[in-house]
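This is what each chain is made of:
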Amino acid sequence: MGIIICFVIAAVLYILGGMHLKEKGLLLNNAFLYASAEERKTMDKKPHYRQSGIVFLFLGTIFVLNALQIITMSGWIFGIIIVIVAATLVYAVVSSILIEKNNKNI
């Protein structure tokens, strides 16, 4: 049952990631969600869509690897998952800093 749940969550995350990379749908990004209605109108959403899309794709990959770990019972897959989680966190923080830095330059 856990395998199916992991694959379903991964599929949803991949769909969200693809939609965000195409700049479609509701922008699920803290910068957008916490912005006022006035800020949302003037905000350049493209970098936020890209950031969220990439993070969703990373998260989808984590869930696929979790399902594979359950299927194969291989402990080494957990190491790969940890590396991808760390890469996702670093990407999210660094890209947020760069987006804010670029917004201040404009």
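Here the structure is shown first, and the text comes after it.
A few points on the structure. On a predicted model such as this, the values are computed, not experimentally measured, just so you know. (Residues numbered from 1 in each chain as written. Predicted model: local features only at pLDDT ≥ 70, side-chain atom pairs only at ≥ 80, totals over all residues. Heavy atoms only, no water.)

1. Some details on the layout of surface pockets
For the largest pocket, the calculated volume is near 220 Å³. Asn 29, Asn 30, Gln 51, Ser 52 and Ser 96 are the residues nearest the centre of the largest pocket, which is lined by 13 residues in total. For the lining of the largest pocket, the secondary structure elements donating two or more residues are helix H2 (30-33), helix H4 (46-72) and helix H5 (76-105). A class-by-class count of the residues in the lining of the largest pocket yields 6 nonpolar, 6 polar and 1 charged. Here the second largest pocket is characterised by a volume of approximately 160 Å³. Around the second largest pocket, the lining comprises 11 residues; the ones closest to its centre are Pro 47, Ser 95, Leu 98, Ile 99 and Asn 102. Those elements giving two or more residues to the lining of the second largest pocket turn out to be H4 and H5. Its residues placed into classes, the lining of the second largest pocket shows 5 nonpolar, 4 polar and 2 charged. (1 Å grid on protein atoms, 1.4 Å probe; cavity = no way out; pocket = protein on both sides within 12 Å on 5 of 7 lines; lining within 4 Å. Points joined across faces, edges and corners; volume = space filled by probe spheres on them. Helix = DSSP H or I, 4+ residues; strand = E, 2+ residues; numbered from the N terminus. Nonpolar A, V, L, I, M, F, W, Y, C, P; charged D, E, K, R; others polar.)

2. As for H4
The end-to-end C-alpha distance of H4, which contains 27 residues, comes to 39 Å, matching closely the 39 Å that a straight helix rising 1.5 Å per residue would cover. Directly after H4, the chain includes Met 73, whose backbone phi takes a positive value near 55 degrees. (Expected span 1.5 Å × (residues − 1).)

3. Quick notes on the side chain of His 20
Relative to the helices and strands, His 20 resides in helix H1 (residues 2-21). Assessed through its relative accessible area of 1%, His 20 is described here as buried. Aside from chain neighbours lying at most four places away, what touches His 20 is Leu 26, Leu 27, Leu 28, Tyr 49, Ser 52, Gly 53 and Phe 56. (Buried < 20%, exposed > 50% of the residue type's maximum accessible area, 1.4 Å probe, protein only. Contact = heavy atoms within 4.5 Å.)

4. Let's talk about the environment of Asn 102
Inspection of the secondary structure assignment puts Asn 102 in helix H5. Exposure remark for Asn 102: the relative accessible area of 46% places this residue in the partly exposed category. As a C-alpha pair, Asn 102 and Phe 63 span 39 residues in sequence and 32 Å in three-dimensional space.

5. Points about H1
Under the 1.5 Å per step criterion, the end-to-end length of H1 is 28 Å for 20 residues, consistent within 8% with the ideal 28 Å. Turning to H1, its buried residues number three or more, namely Cys 6, Ala 10, Leu 13, Gly 17 and His 20. Looking straight down H1, one finds its buried side chains confined to an arc of 90 degrees; they lie on one side. The exposed set on the far side of H1, more than 90 degrees from its buried face, consists of Ile 4 and Ile 15. Tucked inside the fold, the buried residues of H1 contact H4. Of the residues one or two after H1, Glu 23 is the one with positive phi, at around 60 degrees. (Arc of directions from axis to C-beta.)

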